[in-house]
Amino acid sequence: EAGVAQSPRYKIIEKRQSVAFWCNPISGHATLYWYQQILGQGPKLLIQFQNNGVVDDSQLPKDRFSAERLKGVDSTLKIQPAKLEDSAVYLCASSFPRGRGTDTQYFGPGTRLTVL
Amino acid sequence: AQSVTQPDIHITVSEGASLELRCNYSYGATPYLFWYVQSPGQGLQLLLKYFSGDTLVQGIKGFEAEFKRSQSSFNLRKPSVHWSDAAEYFCAVGAVPGTYKYIFGTGTRLKVLA
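(A) Main features of the side chain of threonine 108 of chain B. Following the sequence through the fold, threonine 108 of chain B ends up in strand β12 (residues 108-113). Leaving out residues up to four positions away in the same chain, threonine 108 of chain B has contacts with Gln6, Asp8, Ile9, Ile11, Leu21, Ala87, Glu88 and Tyr89 of chain B.

Quick look at the structure:
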């Protein structure tokens, strides 16, 4: 079974530029998550999708971050414009929803973003 | 509010020695608890999880964890550490009411001495 795929693996941009990350979840997983992991910290949830609807985006900085999941499969996360403090690893995860918090999340390898 | 604390930022052990990584949580009801491992440049891999039942949970790679409600802890253990266990370990609590999101701890970086 293929895991969660993410691209690119690494990205270096200058501040005020825009960047986009792509995620393809495990086949059949209706729930998709984007996390931000700043160096030395645990992952922080940015946005959670159930199929193509947003379940939770309370910690997404909506003035600069956006995410979509068209057709309920793969997803893109965009930052525009980027700031220095956006330097982090962006992790995508997916789970098969059983409607409880017991759903196990499976993580992709992440995209390491460096903003100069 | 729900939270997870991992008191040890770094731990160093010798290969073959036993290991215990601490995790304390704050949650009003019975929590769903997870331990993940992250190797350099990799995503997070699930080691084990606790939902209910037996408080001693077995996971992959020889790891186990014990849920202690009275201490609000879910410590990860391994009787004999291998050099390949060097990585960062994250404890997480799930089932935040109204959502299914995880709250992660800040992680413990494990170094293994040959």
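(B) Main features of the environment of serine 39 of chain B. All names here are of chain B. Structurally, the position occupied by serine 39 is in the loop between β5 (32-38) and β6 (44-50). Taking the relative accessible area as the measure of exposure, serine 39 reaches 28% and is therefore partly exposed. Measuring from C-alpha to C-alpha, the distance between serine 39 and alanine 86 comes to 7.5 Å, with 47 residues separating the pair along the chain.

(C) Main features of the state of the cysteines. The final tally for this structure, using the stated rule, is two disulfides over all chains. Here cysteine 23 of chain A engages in a disulfide with cysteine 92 of chain A; their sulfurs sit 1.9 Å apart. Linking cysteine 23 of chain A and cysteine 92 of chain A, the disulfide has an S-S dihedral of approximately -70° and is accordingly described as left-handed. Taken together, the positions of cysteine 23 of chain A in strand β3 (residues 19-24) and cysteine 92 of chain A in strand β9 (residues 88-95) put the pair 69 residues apart, joining distant regions of the chain. Given the relative accessible area of 0%, cysteine 23 of chain A is considered buried. On the accessibility criterion, cysteine 92 of chain A (0% relative accessible area) is buried. Through a disulfide, cysteine 23 of chain B is tied to cysteine 91 of chain B; the S-S separation comes to 2.0 Å. On the sign convention where negative means left-handed, the S-S torsion of about -65° between cysteine 23 of chain B and cysteine 91 of chain B marks this disulfide as left-handed. Of the two residues, cysteine 23 of chain B is situated in the loop between β3 (19-21) and β4 (24-26) and cysteine 91 of chain B in strand β10 (residues 87-94); the sequence distance between them amounts to 68 residues.

(D) Quick peek at the interface of chain B and chain A. Facing the 21 residues of chain B at the interface are 24 residues of chain A. Between chain B and chain A the total buried area reaches about 1800 Å² when both faces are included, carbon and sulfur atoms providing 54% of it. The interface formed by chain B and chain A includes zero salt bridges. The tally of links between chain B and chain A comes to four residue pairs in polar contact (both at pLDDT 80 or more). Of all the elements, β5 of chain B adds the most residues to the side of chain B that touches chain A, at four residues. Grouping the constituent residues of the side of chain B that touches chain A by class yields eleven nonpolar, eight polar and two charged.

(E) Region of interest: unusual backbone geometry. All names here are of chain A. Residue proline 8 is reached from serine 7 by a cis peptide bond, and omega for that bond is -10°. Locating proline 8 in the fold gives a position in the loop between β1 (5-7) and β2 (10-13). With omega at -5°, the peptide bond leading from glutamine 80 into proline 81 counts as cis. Relative to the assigned elements, proline 81 resides in the loop between β8 (75-79) and β9.

Reading the values: the criteria
- Residues numbered from 1 in each chain as written.
- Chains lettered and ligands numbered in written order.
- Predicted model: local features only at pLDDT ≥ 70, side-chain atom pairs only at ≥ 80, totals over all residues.
- Heavy atoms only, no water.
- Helix = DSSP H or I, 4+ residues; strand = E, 2+ residues; numbered from the N terminus.
- Contact = heavy atoms within 4.5 Å.
- Buried < 20%, exposed > 50% of the residue type's maximum accessible area, 1.4 Å probe, protein only.
- Disulfide = S-S within 2.5 Å.
- Buried area = accessible area lost by both parts, 1.4 Å probe.
- Salt bridge = Lys/Arg side-chain N within 4 Å of Asp/Glu carboxyl O.
- Polar contact = N/O pair within 3.5 Å; in protein donor to acceptor, adjacent residues only side chain to side chain.
- Nonpolar A, V, L, I, M, F, W, Y, C, P; charged D, E, K, R; others polar.

All quantities given are derived from atomic positions and should not be read as evidence of function.
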